[in-house]
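A look at the structure
Letter by letter, the chains look like this.
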Amino acid sequence: MEIDLFSTLDGVMQAPGGPEEDTSGGFAFGGWQAPVMDEAVGAQVMAGIGRMDALLLGRRTYDIFAGYWPLQDQGDGPDTAIARTLNAVPKYVASRGRPELSWNGSQLLGPDLAAEIAALRDRHREVHVIGSVDFARTLVAEGLFDQLNLWVYPIVLGAGKRLFPDDGPPASLRLLEPAASTANGALLLRYGPTGEIPATGDMT
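To keep things clear, this report deals only with the structure shown in the data block. Only a predicted model underlies this, so the values are computations on that prediction, with no experimental measurement involved.

Scoring rules and cut-offs
Residues numbered from 1 in each chain as written. Predicted model: local features only at pLDDT ≥ 70, side-chain atom pairs only at ≥ 80, totals over all residues. Heavy atoms only, no water. Phe/Tyr/Trp six-rings, centres within 6.5 Å; stacked < 30°, edge-to-face > 60°. Helix = DSSP H or I, 4+ residues; strand = E, 2+ residues; numbered from the N terminus. Buried < 20%, exposed > 50% of the residue type's maximum accessible area, 1.4 Å probe, protein only. Lys NZ or Arg CZ within 6 Å of the ring centre and 35° of its normal. Pairing = 2+ DSSP bridges. Contact = heavy atoms within 4.5 Å. Salt bridge = Lys/Arg side-chain N within 4 Å of Asp/Glu carboxyl O.

In this section: the packing of aromatic side chains. This structure, assessed with the given rule, holds six aromatic pairs. Ring centres of W32 and Y153 lie 5.7 Å apart, and the angle between their planes is 75°; on these two criteria the pair is classed as edge-to-face. Separated by 121 residues along the polypeptide, W32 in the loop between β1 (2–8) and α1 (39–51) and Y153 in strand β6 (residues 147–153) bring together distant segments of the chain. For the pair formed by W32 and Y153, the shared burial category is buried. Geometrically, the ring pair formed by Y62 and W103 is tilted, given 6.0 Å between the ring centres and 45° between the ring planes. In this pair, Y62 is assigned in helix α2 (residues 59–66) and W103 in the loop between β3 (91–94) and β4 (106–108), connecting sequence segments 41 residues apart. When its relative accessible area of 1% is taken as the criterion, Y62 is described as buried. Here the aromatic residues F6, W32 and Y153 are joined through ring pairs into a cluster of three or more. Sitting over the face of the ring of W103, K91 holds its NZ or CZ atom 4.7 Å from the ring centroid.

See below:
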């Protein structure tokens with residue numbers, strides 16, 4: 001179970017993709033990622049999408065994806081390659097409601113999230129959560145993930161949704177491989193959970 005997220009240097013992950021993606025809380029910086037994207041980021045993103053055999057999303061991100069990707073599977077551009085994969089793989093949606101899931105291959109998860117995640121791990125080789133900050137926050141808080149793929153950009157926005165809120169639970173992560181950097185100053189950090197609470201000590 002991998003979580004793929006894009007973050008500013010101060011931890012804001014809200015609406016990296018476009019101005020109308022998520023304006024909740026009066027967020028005015030939607031689409032902040034576009035000016036600093038580069039080929040290295042695109043190649044890593046494509047590689048991750050190419051490996052996955054299932055997609056897991058929160059309801060808000062599902063609605064955004066379902067309104068866009070089914071219409072992008074023609075041509076030979078990068079969006080077409082992404083669209084063909086996303087349209088083909090099974091899609092699972094976490095929601096407290098009973099939404100209508102019109103995107104081909106979509107299925108609503110049941111209320112027992114831990115049990116549903118365990119079943120997905122048994123059923124699929126590599127499940128990815130893309131975006132879905134609110135949902136990702138729940139997965140991280142409950143330890144229901146195997147790898148956090150975090151792109152950190154040299155941008156500071158000051159306000160917006162973050163993966164780790166001020167009142168969130170403590171947790172320790174371990175770096176799975178050395179960080180990778182790009183020409184535009186983005187860092188790719190891959191972390192795994194340890195299941196431990198951070199330890200304290202004395203520097204002297």
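Having seen the structure, we can now continue with the description.
In terms of burial, β6 is a largely internal element, seven of the seven residues being buried. Side chains Q147, N149, W151 and Y153 project from β6 onto one buried face, and the interleaved L148, L150 and V152 project onto a second face that is buried too. Examined bridge by bridge, β6 and strand β9 (residues 187–193) share five bridges and lie antiparallel to one another. The partner of V152 across the bridge, within β9, is L187.

Moving on to the environment of R84. Its place among the elements puts R84 in helix α3 (residues 78–88). Take R84: its relative accessible area is 48%, and that puts it in the partly exposed class. In this structure, the C-alpha to C-alpha distance between R84 and E126, residues 42 residues apart in sequence, is 17 Å. Discounting chain neighbours no more than four positions away, the residues touching R84 are D73 and G75.

As a further point, take the side chain of Q33. Position of Q33 relative to the elements: it lies in the loop between β1 and α1. For Q33, a relative accessible area of 7% translates into the label buried. Discounting chain neighbours no more than four positions away, the residues touching Q33 are F6, P16, V41 and Y153.

Side-chain pairs of opposite charge can arise where the charged atoms are in close proximity. Tallying each qualifying case throughout the model produces nine salt bridges. In this structure, the salt-bridge partner of R162 is D10, at a minimum N-O distance of 3.5 Å. Note that R162 is positioned in the loop between β6 and β7 (173–175) and D10 in the loop between β1 and α1, a separation of 152 residues in sequence. Classification of R162 by relative accessible area gives partly exposed; the value is 25%. Notably, a salt bridge pairs K161 with D134, separated by 3.1 Å at the nearest N-O pair. Taken together, the residues span a long stretch of sequence, with K161 in the loop between β6 and β7 and D134 in helix α5 (residues 133–141) at a distance of 27 residues. Classification of K161 by relative accessible area gives buried; the value is 16%. Among the ionic contacts, a cluster of salt bridges with common partners joins D22, R60, D134 and K161.

Among the structural elements, A28 can be located in the loop between β1 and α1. Spatially, the C-alpha atom of A28 lies 28 Å from that of R190, the residues being 162 residues apart in sequence.

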